Structure formats: C-alpha cells, structure tokens
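# Working through the structure, step by step
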Amino acid sequence: GQEIHMLCYKPDFPDRLEGLCRRSSMIRKKSSHFMVLKTAQKYPITPEFVVKCASGSTNIFKVHIMQALIENGFADRIYGDLYKTLFSPDSENNINHVPDYEDIFDILKHIHEAGGIAVLANPQRCKNKNLVDELVKAGLDGIEVYSAELSDEEKAEFIKYAKKNK
C-alpha cells in the first residue's frame, strides 16, 4: 500500500530476474497509460507525443508526461507546481496511478536468488519505519543515502541507520 523503490546491483544470474522485470514493466505500462489518458483529458497533448518524449526509455514515467507538457508550454520545469498538482497525493487534481507491484519481500527474495545486491532506494519515501527494519531482517543489503532528494539531516539519519545495521 505504499511506494517502495528497490534496486538490484550486480546479479550473478540476471536472467533469473527477467520474469520479474517483464511483469513489473507490464504493470508500469498499464499505470502509465492511465496517467497519460488522464493528462490528455486535461491538456491538449496526445498519447503519441508523450511516447515520443519517452523515446529511448523502456517505459513511460511521470517525467515523460511532464516533458510533453513542457514542450507544449504548460509548464516550465519538470518538478514544479504542475508536477505537484498532477502527482502529489495531497492534490485534488492528482492523476497519479500507483502501480500494484509484487510484494517487496518477494522482490527482495528474487534479487537474492539471482545473486544480486538489494538496496532500498529513496528510503525517505518509506513511511513505515518498521518495514525498513523488517526488510533488514529479511536480508536487505543496503540503503541509498547519497541522493539529491534527501536533506542533510535525512542523509545523516540513514547513514547512522545503515552503519548500525551493517
């Protein structure tokens, strides 16, 4: 019921992750399609134009929708007021559609079965501190602490947490 980002580094057997990646991609595509259609209802942009803005990507993300809106003059930057209006949970005009991915503990298991290193990305987004503790107990290998999205205080807190939990 919440957004958790998990990274996988250096899997010994990356082919073992292909099914998970394929399923995750399909889930993401359905969610993106929903957001693109909602955006097109509010702004005169076409889904084809958003796809063009996502050229080179394996999927469409919020930044691609924003790029299409910027190129059509509806916004002047990606993470500005319009982004908050469209994607913030607090906005009454929110079009964000959170994909329903596999359970995070299953993903952690898949990563380890492939010989990968599992790292929790954007830990500040995890609103449930107990969940981080549970992930550590389940074998989480690391926590991303050097991110532009983290304040200096958050970085210090997560570095302390990572060291304490090895």
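Throughout what follows, the structure given in this document is the object of discussion. Residue numbers restart at each chain and count upward from 1, following the sequence in its written direction. This being a predicted model, a pLDDT of at least 70 is required before a residue's local features are given, and a value of 80 or more before pairs of side-chain atoms are given or counted; all residues contribute to the totals for chains, interfaces and linings. Values shown for side chains rest on all heavy atoms present in the structure; no hydrogens or waters enter the calculation.

It is worth spelling out the overall build of the protein chain at this point. Secondary structure assignment for the protein chain yields 7 helices and 3 strands. Along the chain direction, N to C, the helices and strands of the protein chain fall in the order β-α-α-α-α-α-β-α-β-α. Its C-alpha atoms put the protein chain at 50 × 40 × 25 Å along the principal axes. For the protein chain, the proportion of its 166 residues judged to be buried stands at 35%. In the form shown here, the protein chain has an accessible surface area of approximately 10500 Å², with 52% of it arising from carbon and sulfur atoms. Across the protein chain, 23 positive and 24 negative side-chain charges occur, with their mean positions spaced 1 Å apart. Numbering of helices and strands runs from the N terminus; a helix is a DSSP stretch of H or I covering at least four residues, while a strand is a stretch of E covering at least two. Buried residues are those whose accessible area, probed at 1.4 Å on protein chains only, stays under 20% of the maximum for their type, while exposed residues exceed 50% and partly exposed ones sit between those limits. In these tables, accessible area is a Shrake-Rupley quantity obtained with a 1.4 Å probe, and a residue counts as shielded only by the protein chains included in the view. Positive charges are assigned to Lys and Arg, negative charges to Asp and Glu, while His and the chain termini are left out of the count. A charge is said to be at NZ when it belongs to Lys, at CZ for Arg, at CG for Asp and at CD for Glu.

To continue, consider the side chain of serine 32. Relative to the helices and strands, serine 32 is located in helix H1 (residues 18-42). Residues count as neighbours in contact if any of their non-hydrogen atoms are within 4.5 Å of one another. When sequence neighbours within four positions are dropped, the list of residues in contact with serine 32 reads Asn59 and Ile60.

Moving on to the packing of H1 against helix H3 (residues 62-71). Note on method: axes are straight lines fitted to C-alpha atoms, helices fitted across the in-contact stretch only, with angles between N-to-C directions ranging 0 to 180 degrees. Running from amino to carboxyl end, H1 crosses H3 at an angle of 20 degrees, the nearest separation of the two axes being 10 Å. Taken together, the axes of H1 and H3 are roughly parallel relative to one another. With respect to the hand of their crossing, H1 and H3 are arranged in right-handed fashion. The segment H1 lies against H3, with Met35, Val36 and Thr39 engaging Lys62, Ile65 and Leu69. In this count, Pro and Cys sit with the nonpolar residues alongside Ala, Val, Leu, Ile, Met, Phe, Trp and Tyr, while Asp, Glu, Lys and Arg are called charged and the others, Gly among them, polar. When grouped by side-chain class, the residues that make up the contact of H1 with H3 number 4 nonpolar, 1 polar and 1 charged. For classification purposes, angles smaller than 35 degrees are called roughly parallel, those larger than 145 roughly antiparallel, those between 65 and 115 roughly perpendicular, and all remaining angles oblique. By convention, the crossing between two helices is left-handed when the near helix turns anticlockwise from the far helix through less than a right angle, and right-handed when the turn is clockwise.

What follows is about the sheet that holds strand S1 (residues 5-9). Each pair of strands is called paired provided DSSP finds at least two bridges between the two strands. Taken in spatial order, the 3 strands line up as S1-S2-S3 in an open sheet, and their pairing is mixed. A strand with exactly one partner marks an edge of an open sheet, and here the two such strands are S1 and strand S3 (142-143). Summarising the sheet, S1 and strand S2 (residues 117-121) pair through 5 bridges and their orientation is antiparallel. Note on S2: the bridge partner recorded for leucine 7 is valine 119.

Turning next to the state of the cysteines. By disulfide we mean two sulfur atoms from cysteines, separated by a distance within 2.5 Å. Evaluated as defined, the whole model comprises 0 disulfides. Here cysteine 8 is not cross-linked by a disulfide; its sulfur's nearest cysteine counterpart is in cysteine 21, at 7.9 Å. Using a relative accessible area of 30% as the deciding quantity, one classes cysteine 8 as partly exposed.

The residue alanine 162 is located in helix H7 (residues 152-164) in this model. With 44 residues separating them in the primary sequence, alanine 162 and alanine 118 have C-alpha atoms 13 Å apart.

For S2, a buried count of 4 out of 5 residues is recorded, marking the element as mostly surrounded by other parts of the structure. A clockwise course of the path from the first strand over the helix to the second, judged with the strands pointing away from the viewer, identifies a crossover as right-handed. After leaving S2, the chain enters helix H6 (residues 129-137) and then returns to the sheet as S3, a path that is right-handed.

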